[in-house]
Amino acid sequence: QVQLVESGGDMVQPGESLRLSCAASGSILSIYSMAWYRQAPGPGKQRALVAVITSGGTTTYADSVKGRFTISGDNAKNTVYLQMNSLKPEDTAVYYCNALARTAARTIPYNYWGQGTQVTVSS
């Protein structure tokens, strides 16, 4: 099993910055990628990919955050970060950490999720 613990969510004003962190722990054999998803408030809102980083360092971003958000990782610490700059009200959401990993108990790669951290951007 993999436990993902997120931190860094807060309420900020438009234009400000936040940095989210997510640390993975457990009986991890290997992590293939780590990612951030978000789910905005309101009915019918689906969880959507924000950014992903592979173990090799390749990154992919949603169009809506390109140029503003930066994902980075520390493989030695099994930790991923999301630096969010120039935040907008539409960035308001619960942000979830995701890891695609193999463990001692589940040797086929499996998606693990954190509990989520709230980011609110409002004036």
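Residues numbered from 1 in each chain as written. Predicted model: local features only at pLDDT ≥ 70, side-chain atom pairs only at ≥ 80, totals over all residues. Heavy atoms only, no water.

Draft legend 1. Expanded view of the nonpolar core. Core analysis: the biggest nonpolar cluster contains 31 residues, and Leu4, Met34, Trp36, Leu82, Met84 and Tyr95 have the highest contact counts within it. Of all the secondary-structure elements, those providing two or more residues to this core are β1 (2–7), β3 (18–26), β4 (28–39), β5 (48–54), β7 (69–74), β8 (79–84), β9 (93–103) and β11 (117–121). In terms of residue count, the dominant contributor to this core is β9 (five residues). Discounting residues that sit within four places of it in the chain, Leu4 has contacts with Cys22, Ala23, Ala24, Met34, Cys97, Asn98, Ala99, Tyr112, Trp113, Gly114 and Gln115. (Core = buried A, V, L, I, M, F, W, Y, C linked by side-chain atoms within 4.5 Å. Buried < 20%, exposed > 50% of the residue type's maximum accessible area, 1.4 Å probe, protein only. Helix = DSSP H or I, 4+ residues; strand = E, 2+ residues; numbered from the N terminus. Contact = heavy atoms within 4.5 Å.)

Draft legend 2. Expanded view of the sheet that holds β7. As summarised here, the arrangement of the four strands in space is β1-β3-β8-β7, forming an open sheet in which the pairing is antiparallel. In the strand order of this sheet, the two ends are held by β1 and β7, each with one partner. Averaged over neighbouring strand pairs, the angle between their axes works out to 15° when direction is ignored. (Pairing = 2+ DSSP bridges. Axes fitted to C-alpha atoms, helices over the stretch in contact; angles between N-to-C directions.)

Draft legend 3. How the structure looks around the packing of aromatic side chains. Applying the stated criterion across every chain, the model contains two aromatic pairs. Plain terms: the ring middles of Tyr37 and Trp113 are 4.9 Å apart, the flat faces sit at 65° to each other, and that makes the pair edge-to-face. Highlighted residues: Tyr37 in strand β4 and Trp113 in strand β10 (residues 110–113), separated in sequence by 76 residues. Relative to Tyr112, the ring of Tyr110 has its centre 5.0 Å away and its plane inclined at 70°; by these criteria the two rings are edge-to-face. The class for Tyr110 is partly exposed, based on a relative accessible area of 36%. The exposure class of Tyr112 is buried, given its relative accessible area of 4%. Geometry around Tyr81 places Arg19 over its ring, the cationic atom sitting 4.1 Å from the centre. (Phe/Tyr/Trp six-rings, centres within 6.5 Å; stacked < 30°, edge-to-face > 60°. Lys NZ or Arg CZ within 6 Å of the ring centre and 35° of its normal.)

Draft legend 4. View of the state of the cysteines. Counted under the stated rule, the structure contains one disulfide. Disulfide pairing places Cys22 opposite Cys97 at an S-S distance of 2.0 Å. For the disulfide bridge between Cys22 and Cys97, the dihedral angle about the S-S bond is near -85°, and by the sign convention the bridge is left-handed. Placement of the pair is Cys22 in strand β3 and Cys97 in strand β9, with a sequence separation of 75 residues. The residues Cys22 and Cys97 share a single accessibility class, namely buried. (Disulfide = S-S within 2.5 Å.)

Draft legend 5. Summary view of the pairing of β3. Relative to β3, β1 runs antiparallel, the two sharing six bridges. Across the sheet, Leu4 pairs through a bridge with Ala24, a residue of β3. Here six bridges tie β3 to β8, and the two strands are oriented antiparallel to one another. For Ser21, the partnering residue across the bridge sits in β8 and is Tyr81.

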